[in-house]
Structures are given as C-alpha cells and as structure tokens.
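One letter stands for each residue in the lines below.
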Amino acid sequence: MICGKTIDEFLSEIMRFHGFKAPGIVLGGIMVDYCQELIGAGVEADAIVESIHCLPDAVQLFTPCTVGNGWLKVLDWDKYALSLYNRKTVLGFRIWVDTEKTKSYPDLYNWYMRLVPKKELSSERVINAIFTAERNVLSYQAIQITQHSDRHKKGETGICSSCGEAYSLKQGTSCLSCQGHCYYIKNPN
Ligand SMILES: [Zn+2]
C-alpha cells in the first residue's frame, strides 16, 4: 500500500491526474507516504516542495494540500525534496532523494541524474527500480519551518483605474498588468 492505495490504484490515479505514469510522481508518492507516516496520522500538515517538476502533483494527489488552497508551497529549486509540517507547531519532516543511496539501483540512479537519454531507459524500467528501491533511496530529517509557513491572505480588492478589472490593492494604484508586467498582446491577426 502507498498513501492508502494499492499499487494499481496508486498508478491509475497518477495517470488520471498527471496524464501519464511519470516516474517522478511514483517516487514523489512514496516520499509523501513516508513523510505522512513520520508526521503521524491526524496531523493537519502543510507542505513545501523544492521542485516544480512532478513533486507538486504527488503532494496534490496524495495529501489535502494544493497550490490553490494555499497549503502547498512550491520552490523552484530543482531539488527532489519535500517537507510536511504541522501547521500549528511548524514542526515536521523533510524527505529527500539521497543520491548516494540511489547508486545501488542503476536504472533509478541513471534516470535521477539524467545520465541516460529517455529513449534508452523506459519509464517502466525506472518505475520498476523505484518500486524495488522504495524508501531505501530516501533520507529524512526532523525540522522546524522558519519560512514560507505563512498562509497568503487575500488583500483588499479594488478596481484598476486603467483596465477596469478587479485586482489586489497591494499592487498599487493600477494592476501589475497595467504597470508593464502584461504577458500578452492582442492577437495581431
Ligand atoms: Zn489594470
């Protein structure tokens, strides 16, 4: 069982949510499972992940934490690590993929370190290696969160004087888009 699911359920939920059986989410799910066990059942835990790849989906699939509800923070550090912590005490655990330990599982190591091109190392093989290794490639540490534990509150809302759309007044007298941060132009055709 992983995250309270059979392996088949676990894999089919990954398919449904992520679109394909990504080894990164399989590994991420095992990390979440381990971290939940360490922190204990019944603890309302918030999450921080240290990669924008796969790990956010593993947390969103197998915990109540999502980007949208604000309980999951995503750091773009490209590190395969995640933390779950008690949102009241800010105490919790950080789990990471321990590269040294992955060396005992060549397919996993080669995938993780991006040493072999994808077409020469099928995701089935990587997933098999992940299930063989399970927690043996992970390390963890008990931690106290010092940053990012604040829940982002929505600011006061106003109407932008330039575009007329509602926006957070924290941005200033006009919205960020009208201040020059707009990411699009009108379709020129
Ligand atoms: Zn505006």
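A few points on the structure. Treat the numbers as computed from the prediction; the structure is a model and nothing was measured. (Residues numbered from 1 in each chain as written. Predicted model: local features only at pLDDT ≥ 70, side-chain atom pairs only at ≥ 80, totals over all residues.)

### Focus: the environment of Gly19
And then number 1: Structurally, Gly19 can be placed in the loop between α1 (7-18) and α2 (23-39).
And then number 2: Gly19 gets classed as exposed once you count the C-beta atoms within 10 Å, which come to 9.
And then number 3: Separated by 67 residues in the primary sequence, Gly19 and Asn86 place their C-alpha atoms 31 Å from one another. (Helix = DSSP H or I, 4+ residues; strand = E, 2+ residues; numbered from the N terminus. Buried ≥ 20, exposed ≤ 12 C-beta atoms within 10 Å, placed from the backbone.)

### Let's talk about the sheet that holds strand β3 (residues 81-86)
And then number 1: Ordered by their spatial adjacency, five strands build an open sheet running β2-β1-β3-β4-β5, and the pairing between neighbours is mixed. Two strands lie at the open edges of the sheet, namely β2 (72-74) and β5 (138-144), each paired on one side alone. Here the average twist between neighbouring strands, direction ignored, is 15 degrees.
And then number 2: Here β3 runs beside strand β4 (residues 91-97); their pairing, made up of five bridges, is antiparallel. Pairing of Ala81 across the sheet is with Trp96, part of β4. (Pairing = 2+ DSSP bridges. Axes fitted to C-alpha atoms, helices over the stretch in contact; angles between N-to-C directions.)

### Digging into the pairing of strand β1 (residues 45-49)
And then number 1: Summarising burial for β1: five of the five residues are buried, a large majority.
And then number 2: Taking every second residue as pointing to the same face, both faces of β1 are buried, with Ala45, Ala47 and Val49 on one and Asp46 and Ile48 on the other.
And then number 3: The pairing of β1 with β3 spans five bridges and is antiparallel. Of the residues in β3, the one forming a bridge with Asp46 is Tyr85.
And then number 4: Pairing between β1 and β2: three bridges, direction parallel. Paired with Ile48 across the two strands is Lys73, which belongs to β2.
And then number 5: Once you follow β1 into helix α3 (residues 55-62) and on to β2, the crossover reads as right-handed. (Right-handed = clockwise from strand over helix to strand, strands pointing away.)

### Things to note about the pairing of β3
In summary, the side chains of a regular strand alternate between the two faces of the sheet.
And then number 1: Most of β3 is tucked away: five of the six residues are buried.
And then number 2: The loop that links β3 with its antiparallel partner β4 comprises four residues; one of these, Val90, has a positive phi angle of about 50 degrees.

### Focus on the nonpolar core
And then number 1: Among the nonpolar cores identified, the biggest contains 40 residues, and Met31, Ala47, Ala58, Val59, Leu82 and Ile130 are the most heavily contacted of them.
And then number 2: Counting only elements with at least two residues in this core, the list comes to α1, α2, β1, α3, β3, β4, α5 (106-112) and α6 (123-133).
And then number 3: The element contributing the most residues to this core is α2, with eight residues.
And then number 4: If we skip the residues at most four places from it in the chain, Leu82 touches Met31, Cys35, Ala47, Ile48, Val49, Glu50, Leu55, Val59 and Ile95. (Core = buried A, V, L, I, M, F, W, Y, C linked by C-beta atoms within 7 Å. Contact = placed C-beta atoms within 7 Å.)

### Comments concerning the packing of α2 against α3
And then number 1: Between α2 and α3, the shortest axis-to-axis distance is 8 Å and the interhelical angle comes to 55 degrees. By the angle between their axes, α2 is oblique relative to α3. In this structure, α2 meets α3 at a crossing whose hand is right-handed. For the pair formed by α2 and α3, the contact residues are Ile25, Gly28, Gly29, Met31 and Val32 on the first element and Leu55, Asp57, Ala58, Val59 and Phe62 on the second. (Parallel < 35°, antiparallel > 145°, perpendicular 65-115°, else oblique. Left-handed = near helix turned anticlockwise from the far one by under 90°.)

### Describing unusual backbone geometry
And then number 1: Its identity as a non-glycine residue notwithstanding, Cys3 has a phi of 50 degrees, on the positive side.
And then number 2: Here Cys3 lies in the segment before α1.
And then number 3: Of note in this structure, Cys54 is not a glycine but carries a positive phi near 60 degrees.
And then number 4: For Cys54, the position within the fold is in the loop between β1 and α3.
And then number 5: For Cys54, a count of 20 C-beta atoms within 10 Å translates into the label buried.

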